[in-house]
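Topology and contacts: notes
Residue strings, one per chain:
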Amino acid sequence: MKKLTLANLPTRIQRLSRWSDECGRNIYVKRDDQTGSEWSGNKIRKLEFAVQEALSKGCDLLITCGGIQSNHCRATVSVAARLGLKSAVLLRISEEPPVEGNYFLDRLMGADVRFCNRDEYREHRGEIMQEMADGYAARGFRPYIIPEGASFGVGTLGYYYAMKEIVAQEREMGIKFDTVVVATGSGGTLAGLQLSNIIWGYGKRVIGVCVCDDAAYFQDIAARISCDALPYLVEQGEISKEQAAQIAAALKPSDFELFEEYVGIGYALSRPEELEHIKRMARLEGVVFDPVYTGKATYGMVNELISGGRLSTSENILFIHTGGLFGLFPISRTFPL
Ligand SMILES: *Cc1c(COP(=O)(O)O)cnc(C)c1O
């Protein structure tokens, strides 16, 4: 199996000089927010592999799910449109939402949309997507279901390779990042980065900052989907079958480091101090973080960089800007400028 070539790769790495000066460390940002425009953000790296699998199975319809402002759904819809496939998204919302941000783009690019409430989403999203798939299949489509965030075995390859990309860039730039930080919402990005780090012995500290749920929850998910990624890595010729078996036996939830203190008041809900932080960073560096993921993660970094925090031994820190800009617009009218 190969992959689709959709994202603009490699994404650039930039040093944020004023933030670095402020905290006395070298802070770099990897611009995965610039992987594309319609499919900007981190999900496209996972979709390059997942949608390749869909095509190789002869599928012509992508089904996925997420919150109403899901970046992942919007990226999936744009890939489908680009490749001439149909798309359908299951969105979590209790009432008919305003047509804005990512949801507007889903509609603009022609996705079929189905809504469900929070409880249905949490308990039954898999079954609902299967039911949707069955309905389309009865009409002659060949559906491919992508789980939330494309955080599953094959999708994990996107960030497995992103870590290799980072290491190649380190060599070019003559830098070594001791710490890599990323926002974590469904776990696949963290899983891929850390799996690569473990397999190739890069010796980096890879940290996921939870934007929902808690550390234990994501440690389990990351360990599980990393295991699920191994057969694909064998197929890609990255590792041998024997290595895969050894890695699978050794992988454990505690291999994945997460900070769980920055969820705040909940997924996609912002506290004033987080919005203040987004504004401050926008003005300090001209880099715009989003309220759901990267704003919370970098707010966490700022806190941890203050004396005695958990980043006290990190000198060269790489934050992966995973995108999310469209999610900022629905809150623009109430944003404290
Ligand atoms: C989905 C997403 C993340 C989190 O990535 P996961 O692999 O789901 O943990 C981070 N940032 C943005 C902007 C996202 O859309």
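Residues numbered from 1 in each chain as written. Predicted model: local features only at pLDDT ≥ 70, side-chain atom pairs only at ≥ 80, totals over all residues. Heavy atoms only, no water.

1. Re the site of the ligand
The environment of the ligand is made up of 16 residues, and the closest members are Lys43, Lys46, Ser186, Thr189 and Thr322. At a separation of 2.5 Å, an oxygen atom of the ligand approaches a polar side-chain atom of serine 186. The separation between an oxygen atom of the ligand and a polar main-chain atom of glycine 188 is 3.4 Å. With the chains in place, 98% of the 380 Å² that the ligand exposes on its own is no longer accessible. Residues belonging to the shell around the ligand are distributed by class as follows: 2 nonpolar, 12 polar and 2 charged. Here the shell around the ligand spans two domains, and each of domain 1 (13-41 + 155-334) and domain 2 (43-150) adds at least three residues to it. (Near = heavy atom within 4 Å. Polar contact = N/O pair within 3.5 Å; in protein donor to acceptor, adjacent residues only side chain to side chain. Areas by Shrake-Rupley, 256 points an atom, 1.4 Å probe, with all protein chains shown as cover. Nonpolar A, V, L, I, M, F, W, Y, C, P; charged D, E, K, R; others polar. Domains from an automatic or database assignment.)

2. Some points on the environment of arginine 283
With respect to the helices and strands, arginine 283 occurs in helix α10 (residues 272-285). Arginine 283 sits in the exposed class, given a relative accessible area of 60%. (Helix = DSSP H or I, 4+ residues; strand = E, 2+ residues; numbered from the N terminus. Buried < 20%, exposed > 50% of the residue type's maximum accessible area, 1.4 Å probe, protein only.)

3. A short note on the sheet that holds strand β4 (residues 86-92)
Read from one edge of the open sheet, 4 strands run β5-β4-β3-β6, paired in parallel fashion. A single partner strand is all that each edge strand has here, and the edge strands are β5 (112-116) and β6 (143-145). On average, each strand axis in the sheet is tilted by 25° relative to the strand beside it, whichever way the strands run. Along the sheet, helix α3 (residues 71-83) makes contact with β3 (61-67) and β4, crossing β3 at roughly 160°. (Pairing = 2+ DSSP bridges. Axes fitted to C-alpha atoms, helices over the stretch in contact; angles between N-to-C directions. Contact = heavy atoms within 4.5 Å.)

4. With respect to the packing of helix α2 (residues 43-56) against α3
The N-to-C vectors of α2 and α3 enclose an angle of 45°; their axes lie 10 Å apart at closest approach. Between α2 and α3, the angle is such that the two are oblique. Here α2 runs over α3; the crossing is right-handed. Between α2 and α3, the contacting residues are Lys43, Ile44, Leu47, Val51 and Leu55 on the first element and Asn71, His72, Ala75, Thr76, Val79 and Leu83 on the second. Residues that form the contact of α2 with α3 fall into these classes: 7 nonpolar, 3 polar and 1 charged. (Parallel < 35°, antiparallel > 145°, perpendicular 65-115°, else oblique. Left-handed = near helix turned anticlockwise from the far one by under 90°.)

5. Overview of the sheet that holds strand β9 (residues 257-259)
If you walk across this open sheet you meet the 6 strands as β1-β2-β10-β7-β8-β9, and the pairing is mixed. Each of the sheet's edge strands pairs with one partner strand only, and the pair in question is β1 (13-15) and β9. Taking the axes of each pair of neighbouring strands and ignoring which way they run, one obtains an average angle of 30° across the sheet. Examined bridge by bridge, strand β7 (residues 179-184) and strand β8 (residues 205-210) share 6 bridges and lie parallel to one another. When the bridges of β8 are listed, valine 182 appears paired with glycine 208. Here helix α7 (residues 188-200) sits on the sheet and contacts β7, β8, β9 and β10 (316-320); the angle it forms with β8, its principal contact strand, is near 170°.

6. Comments concerning the pattern of salt bridges
A complete count under the given rule lists 23 salt bridges for this structure. Two residues, glutamate 123 and arginine 122, come together in a salt bridge whose shortest N-O distance is 3.7 Å. Each of the two residues, glutamate 123 as well as arginine 122, counts as exposed. Lysine 252 is the salt-bridge partner of aspartate 255, the closest N and O atoms lying 3.0 Å from each other. (Salt bridge = Lys/Arg side-chain N within 4 Å of Asp/Glu carboxyl O.)

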